[in-house]
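# Coordinates in review
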Amino acid sequence: MAKPPSFLTAIFEEDIKIKEERPKVTLTFAQSLDAKIAGVGGKQLILSGRESMVMTHWMRTVHDGILVGVGTALNDDPQLNTRHLPAGVPHSLPIPVVMDRRCRLAVDCKLIRNYAEGRGKQPWVIYSKTEDTEVLERKEKLESSGAKIIESDENNGFFPGVSGVLRTLYSLGIRSLMVEGGAQIIDSFARSGLVDRLVVTVAPVVVGPLGIGYTLDPASLARLSFQATEGVGIDHIIGFLSK
Ligand SMILES: NC(=O)C1=CN([C@@H]2O[C@H](COP(=O)(O)OP(=O)(O)OC[C@H]3O[C@@H](n4cnc5c(N)ncnc54)[C@H](O)[C@@H]3O)[C@@H](O)[C@H]2O)C=CC1
Ligand SMILES: Nc1nc(O)c(N)c(N[C@@H]2O[C@H](COP(=O)(O)O)[C@@H](O)[C@H]2O)n1
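Report on the accompanying structure. (Residues numbered from 1 in each chain as written. Chains lettered and ligands numbered in written order. Predicted model: local features only at pLDDT ≥ 70, side-chain atom pairs only at ≥ 80, totals over all residues. Heavy atoms only, no water.)

### Re the overall build of the protein chain
Counting its secondary structure elements, the protein chain contains 7 helices and 11 strands. In terms of overall size, the protein chain behaves like a compact globule, its C-alpha atoms giving a radius of gyration of 17 Å where 243 residues would be expected to give roughly 18 Å. The principal-axis extent of the C-alpha atoms belonging to the protein chain is close to 50 × 40 × 40 Å. Considering only residue pairs separated by 6 or more positions, the protein chain has 78% of its internal contacts joining residues 24 or more positions apart. For the protein chain, the computed accessible surface area is about 11700 Å², with 52% contributed by carbon and sulfur atoms. Seen as two clouds, the 28 positive and the 28 negative side-chain charges of the protein chain have centres 2 Å apart. (Helix = DSSP H or I, 4+ residues; strand = E, 2+ residues; numbered from the N terminus. Rg over C-alpha atoms; globule rule 2.2 N^0.38 Å. Contact = heavy atoms within 4.5 Å. Areas by Shrake-Rupley, 256 points an atom, 1.4 Å probe, with all protein chains shown as cover. Lys, Arg positive; Asp, Glu negative; His and termini not counted. Charge placed at Lys NZ, Arg CZ, Asp CG, Glu CD.)

Here you go:
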C-alpha cells in the first residue's frame, strides 16, 4: 500500500464537531467473513493482509492515543506501534492506553518492555479506584515497571465506563483516540455512542463458529453514516463517519 485509500484520508480530514470535552474516537478492528475477530479460545489471528495492516499502522500515526482492553493486552501482548510503515518516513507514534480496571497487565509485556528499552512510548493503564490490596499491589508493580497509572474520574463500582475514560484522557491531552478492541471494548465503545469514526477491515477468511465474535448494538451506531467500501490488497475496508 503506497498510501492510504483516499476515502480513508478524507474521513480523517473531516472536521468533526463534538460538544463534550473528549477525544475524537476511531473504533477499528479486523474481522473474518463470518464476523470473528479471533480464533478458538481467543487465539490471536492475523486477519489483515499485508496492505491493510500497513493501512492500520498508518491510522495509528494520525491519533494521539491507541487503546485496547486488558483482555487483548493479556492475550495478544501487542506493541501498538507503527513498525509496518516504511522506514525513514517520519511519523508520530500514539500513546498506548490499556483499559485495565484491576491492573492485570503483565509487568513484562511488550508495551512496558519497549518503553523501558527506549523503543516505545510510556504505556498508560487506566484502572478503577479500589481498596483491594491485590489490585493495589499490582498497580504499584506496574508503576515501578514504568507504566503510567491513571485513575478514571468516573467510578460506578463496576466499570469506570467509556465516557469517564474519555474525559480523563482528554484532560491529559489526548485529542484523538484509536480504539482497537477486543470484543468487550468494541461493545462498550459502540454502546457508549461516543464513536466518531468506524473502520472495519474484512478479510476473505472464515474462522468458524468457535471463533470469537463481537456485538454491535444497532442503535449504538445510529450516529454514524456509511462512507465507502474499498479494496486494500485482498481485504475490504468499510468506513463510517459521524453524521
Ligand atoms: N481482530 C481484531 O481486530 C482484534 C481482535 N482482538 C481479540 O479480542 C480478544 C480479546 O477481547 P476481550 O477478551 O473481550 O477483551 P478486551 O480487550 O475487550 O478487554 C476486556 C477488558 O476491558 C475492560 N473494559 C471493557 N469495557 C469496559 C468499560 N466499559 N469500562 C471499563 N473497562 C472496560 C475490562 O477491564 C475488561 O476486562 C482477543 O482474542 C484478541 O485477539 C482484539 C483486538 C482487535
Ligand atoms: N488491524 C488488525 N488486523 C488484525 O488481523 C489483527 N489481529 C489486529 N489486531 C489488533 O492489533 C493488535 C496487535 O498489534 P501489534 O501488531 O502488536 O502492534 C492486537 O492486539 C489487536 O488490537 N488488528
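From this point, things continue past the structure.
### Points about the site of ligand 2
Lining the immediate environment of ligand 2, one finds 17 residues, of which Leu45, Leu47, Ser48, Gln79 and Arg83 sit closest. One nitrogen or oxygen atom from the side chain of Arg83 is found 2.6 Å from an oxygen atom belonging to ligand 2. Considered on its own, ligand 2 offers 520 Å² of accessible surface; in the complex 89% of this is hidden by protein. Those elements that provide at least two residues to the shell around ligand 2 are helix H2 (50-61) and helix H3 (70-76). In terms of residue count, the dominant contributor to the shell around ligand 2 is H2 (3 residues). Residues belonging to the shell around ligand 2 are distributed by class as follows: 8 nonpolar, 5 polar and 4 charged. (Near = heavy atom within 4 Å. Polar contact = N/O pair within 3.5 Å; in protein donor to acceptor, adjacent residues only side chain to side chain. Nonpolar A, V, L, I, M, F, W, Y, C, P; charged D, E, K, R; others polar.)

### Let's talk about a negative patch on the surface
Together, Glu134, Glu137, Glu140 and Glu143 line one region of the surface with negative charge. Along the polypeptide, Glu143 turns up in helix H5 (residues 133-145). Among the residues examined, Glu143 registers a relative accessible area of 41% and is labelled partly exposed. (Patch = residues over 30% accessible without salt bridge, like charges linked within 9 Å, V, L, I, M, F, W, Y side chains within 5 Å. Salt bridge = Lys/Arg side-chain N within 4 Å of Asp/Glu carboxyl O. Buried < 20%, exposed > 50% of the residue type's maximum accessible area, 1.4 Å probe, protein only.)

### Some remarks on the pattern of salt bridges
All told, the structure shown has 8 salt bridges when counted by the stated rule. The residue Asp15 makes a salt bridge to Lys17 at a minimum N-O spacing of 2.5 Å. With respect to burial, Asp15 and Lys17 carry one shared label: exposed. The shortest N-O distance in the salt bridge between Asp132 and Arg102 comes to 3.2 Å. You can see Asp132 sitting in the loop between strand E5 (124-127) and H5 and its partner Arg102 sitting in the loop between strand E4 (95-99) and helix H4 (110-116), a full 30 residues away along the chain.

### Section: the site of ligand 1
Surveying the vicinity of ligand 1 reveals 26 residues, the closest of which are Ala30, Gly42, Thr72, Glu180 and Ser188. Gly42 places a main-chain nitrogen or oxygen 2.7 Å from an oxygen atom of ligand 1. Between Ser188 and ligand 1, the recorded distance is 2.8 Å, taken from a side-chain N or O atom to a nitrogen atom. Per-element tally for the shell around ligand 1: the top contributor is H3, with 5 residues. In the shell around ligand 1, the residues fall into 11 nonpolar, 11 polar and 4 charged.

### Regarding unusual backbone geometry
Look at the link from Gly181 to Gly182: it is a cis peptide, with omega at 5 degrees. Phi is positive for Asp77, which is not a glycine, with a value near 45 degrees. Examined against the element boundaries, Asp77 turns out to sit in the loop between H3 and E4. Under the relative-accessibility criterion, Asp77 is labelled partly exposed at 24%.

### Some thoughts on the pairing of E5
Across a regular strand the side chains alternate sides, sitting on one face of the sheet and then on the other. Of the two faces of E5, both are covered, the one formed by Trp124 and Ile126 as well as the one formed by Val125 and Tyr127. Bridge analysis of E4 against E5 gives 3 bridges, and the strand direction is parallel. Looking across to E5, one finds that Met99 is bridged to Ile126. Crossover handedness for the path E4 to H4 to E5: right-handed. By the bridge criterion, 4 bridges tie E5 to strand E6 (residues 148-151) in an arrangement that is parallel. Bridge pairing in E6 links Tyr127 to Glu151. (Pairing = 2+ DSSP bridges. Right-handed = clockwise from strand over helix to strand, strands pointing away.)

### Considerations on the side chain of Arg60
Its place among the elements puts Arg60 in helix H2. Judged by relative accessible area, which is 8%, Arg60 ranks as buried. Of the polar contacts made by the side chain of Arg60, one reaches the backbone oxygen of Asn81; its length is 2.7 Å. Every residue in contact with Arg60, bar those within four places of it in the chain, is listed here: Ile66, Leu80, Asn81, Thr82, Pro94, Met178 and Glu180.

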